[in-house]
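# Reading the structure
Take a look at the letters that make up each chain.
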Amino acid sequence: MKLSLNDTDSAVNNTRIDYSRTTLRVTFGVIASLALLGNGLVCAVILRSRTMLKNSYNLMILSLAFTDLFTGVILAITPSFVIGDENFPVPENLAGDVFCHIVSSHFFVFTFGKISVAIVMLLAIDRWYAITRPVKYKASFKRWKAITYITSVSMVCCGLNWQSLIEKKLVVIDGTPSCVWITLIESKLTSQIFTVIYVAFTFFIPLFISMITFFHLYRVMRRSRDRLARSNHTKSFNSLLRMCAITGLFLALCWIPNQFVYVLSKFNITQLDSPLHHATVVLAMFNSCVNPWIYGATNRNYRKKFTRILCFWKKVEVAPEETEITARERRTRSSHDARLPSKSEQPPEGSRGVDYSAFVCEGSQVKPENAQESNRKISMAGIEQEDEETHIRDDETADESITQSNL
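Residues numbered from 1 in each chain as written. Predicted model: local features only at pLDDT ≥ 70, side-chain atom pairs only at ≥ 80, totals over all residues. Heavy atoms only, no water.

### Re the packing of aromatic side chains
- This structure, assessed with the given rule, holds 16 aromatic pairs.
- An angle of 5 degrees between the planes, with centres 6.3 Å apart, marks the rings of Phe-194 and Tyr-198 as stacked. Here Phe-194 pairs with Tyr-198, and both are found in helix H9 (residues 188–223), just 4 residues apart, close to one helical turn.
- By relative accessible area, Tyr-198 is classed as buried at 10%.
- Here the aromatic cluster, defined as three or more aromatic residues joined through ring pairs, consists of Phe-66, Phe-70, Phe-107, Phe-108 and Phe-112. (Phe/Tyr/Trp six-rings, centres within 6.5 Å; stacked < 30°, edge-to-face > 60°. Helix = DSSP H or I, 4+ residues; strand = E, 2+ residues; numbered from the N terminus. Buried < 20%, exposed > 50% of the residue type's maximum accessible area, 1.4 Å probe, protein only.)

### Considering the packing of helix H12 (residues 275–298) against helix H13 (residues 300–310)
- Direction vectors running N to C along H12 and H13 enclose 110 degrees, while the axes themselves pass 5 Å from each other. Looking at the two axes, H12 sits roughly perpendicular to H13. Contacts between H12 and H13 involve Pro-292, Tyr-295, Gly-296, Ala-297 and Thr-298 from the first element and Arg-300, Tyr-302, Arg-303 and Phe-306 from the second.
- Taken together, the residues of the contact of H12 with H13 break down into 5 nonpolar, 2 polar and 2 charged. (Axes fitted to C-alpha atoms, helices over the stretch in contact; angles between N-to-C directions. Parallel < 35°, antiparallel > 145°, perpendicular 65-115°, else oblique. Contact = heavy atoms within 4.5 Å. Nonpolar A, V, L, I, M, F, W, Y, C, P; charged D, E, K, R; others polar.)

### Looking at the nonpolar core
- Phe-28, Ile-46, Ile-61, Trp-255, Met-285, Tyr-295 and Tyr-302 are the most contacted members of the largest nonpolar core, which totals 65 residues.
- If one sorts the elements of this core by residue count, helix H6 (residues 107–132) sits on top with 13 residues.
- With near-sequence residues (within four places) excluded, Ile-46 lies in contact with Met-52, Leu-53, Asn-58, Ile-61, Leu-62 and Tyr-302. (Core = buried A, V, L, I, M, F, W, Y, C linked by side-chain atoms within 4.5 Å.)

### Some remarks on the side chain of Ser-63
- Within the secondary structure, Ser-63 sits in helix H3 (residues 56–77).
- Note on Ser-63: relative accessible area 13%, which makes it buried.
- A polar contact is formed between the side chain of Ser-63 and the backbone oxygen of Met-60, at a distance of 2.7 Å.
- Those residues in contact with Ser-63, other than ones at most four positions away along the chain, are Ile-119 and Ile-150. (Polar contact = N/O pair within 3.5 Å; in protein donor to acceptor, adjacent residues only side chain to side chain.)

### Focus on the pairing of strand E1 (residues 168–173)
- Pairing geometry for E1 and strand E2 (residues 176–181), over 6 bridges, is antiparallel. In the sheet register, Val-171 faces E2, and the bridge partner there is Ser-178.
- Here E1 folds back onto E2 in antiparallel fashion, the turn holding 2 residues, of which Asp-174 has a positive phi close to 55 degrees. (Pairing = 2+ DSSP bridges.)

### Re the UniProt feature "transmembrane region" (unreviewed entry) in the chain
- Here, UniProt's "transmembrane region" (unreviewed entry) annotation points to residues 26–47, 59–83, 103–125, 146–165, 193–218, 239–258 and 278–298.
- For residues 26–47, the end-to-end C-alpha separation is 31 Å, with 100% helix and 0% strand making up the annotated structure.
- Helix makes up 75% of residues 146–165 and strand 0%, with an end-to-end C-alpha separation of 29 Å. (UniProt positions renumbered as here; feature names shortened; annotations may be inferred.)

### Focus: a nonpolar patch on the surface
- A surface patch of nonpolar side chains, amounting to about 930 Å² of accessible area, comprises Val-156, Leu-160, Leu-189, Ile-193, Ile-197, Phe-201, Ile-205, Phe-208, Ile-209 and Ile-212.
- For the nonpolar patch, the elements supplying multiple residues, two or more each, are helix H8 (143–160) and H9.
- Its relative accessible area of 35% is what places Leu-160 among the partly exposed residues. (Patch = residues over 30% accessible without salt bridge, like charges linked within 9 Å, V, L, I, M, F, W, Y side chains within 5 Å. Areas by Shrake-Rupley, 256 points an atom, 1.4 Å probe, with all protein chains shown as cover. Salt bridge = Lys/Arg side-chain N within 4 Å of Asp/Glu carboxyl O.)

### Section: the state of the cysteines
- According to the stated counting rule, one finds 1 disulfide in the structure shown.
- The disulfide partner of Cys-100 is Cys-179, and the gap between their sulfur atoms is 1.9 Å. Every disulfide takes its handedness from the sign of the S-S torsion; for Cys-100 and Cys-179 that torsion is -80 degrees, giving left-handed. Note that Cys-100 is positioned in helix H5 (residues 93–103) and Cys-179 in strand E2, a separation of 79 residues in sequence. Across the pair, exposure class does not vary: Cys-100 and Cys-179 are buried alike.
- Free cysteine Cys-254: the closest other cysteine sulfur is in Cys-289, separated by 8.5 Å. (Disulfide = S-S within 2.5 Å.)

### Some remarks on H13
- The set of residues buried in H13 consists of Asn-301, Tyr-302, Lys-305 and Phe-306. Relative to the axis of H13, the buried residues are bounded by an arc of 135 degrees and lie together on one face. Exposed residues on H13 whose side chains face more than 90 degrees from its buried face are Arg-300 and Leu-310.
- Between the side-chain oxygen at the start of H13 and the backbone nitrogen of Asn-301 there is a gap of 3.0 Å, and the oxygen is on Asn-299. (Arc of directions from axis to C-beta.)

### Description of the packing of H3 against H12
- Direction vectors running N to C along H3 and H12 enclose 140 degrees, while the axes themselves pass 9 Å from each other. In terms of axis orientation, H3 runs oblique to H12. Considering how the two elements wind past one another, H3 and H12 form a crossing that is left-handed. For the pair formed by H3 and H12, the contact residues are Ile-61, Leu-64, Asp-68, Thr-71 and Leu-75 on the first element and Met-285, Asn-287, Ser-288, Asn-291 and Tyr-295 on the second.
- Residue classes in the contact of H3 with H12 are distributed as 5 nonpolar, 4 polar and 1 charged. (Left-handed = near helix turned anticlockwise from the far one by under 90°.)

Here it is as structure tokens:
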């Protein structure tokens, strides 16, 4: 049997397509496995520590880890990513309708991506309040309120992505049930407007809020550099803020190309199901497995806890989180504000930053009248904890400082 030149070219193209599909499926399989392992480790670290569960930012990191973990699960069970549509039999009747609308439609895959963006936005706002509004932070980011915020943004993201549930339907072709894509909006202009608004509200606006918030925090911390140098909590503040900011940056870098390609496809500039589109989807899904690496690389506390779980035969000491201020330090901050110079002596408004020097016990500070209040530790998340030994040392240090100042 002889093959013509056109038949040979067609066979080569089909072989290339098969290799491309196989490579994509292997890539998605690796991403799903890493997402399950890495985010499972993060969930184990936080769930094993009751202290970490009391902090709002740890709850947000936990919810982000759960979201990425479920993304890995959905990647593994969605036919078009790892298994292949041709290798997965579509059920018939009602089961087939449910399968097409929920599983095959990619609803959960991209909804979880939008939830991740919203949680990073909450994380940025949480850090902004903790650093610039520490008094309001305690009331605004209690544990139950943080859970409410996370639940609310997750439900909103699911509601805004409703159209994905009906973009596929069950059809029977030659007696074989299959799921096919359908066009929801016939008008091209209406479809373009809807897509732009949808992507803006579910991705670009939350991402913009996150980036602006982190940039403002960076400027605040930079302006307060001289005061931060005197603070015992500077390293912890910077470490946690850096971890959150890098998480948001990687999320933006991974998802922006996919969202642009999706929007431009409505204007016939790009095409879906093309090599470019596949590459952007791989990049977006890669974000679900990269966060645990960021936590371990930028935060020593998380890194030690990861090591303690992975190397369980070794004894790894994990120091408590140092993002805490004491009741004494809060009263110190109030007395510090009372000693501020007059307006003529103050620096211009644009050059001011957050006064972290108020978090440090200075030699000129007065011993508090009520010694029992100083035995309570207030964390940056607004959680009060008892630590008598720590505050006894604080009281002794303060007494020595007072004696030196009197001399």
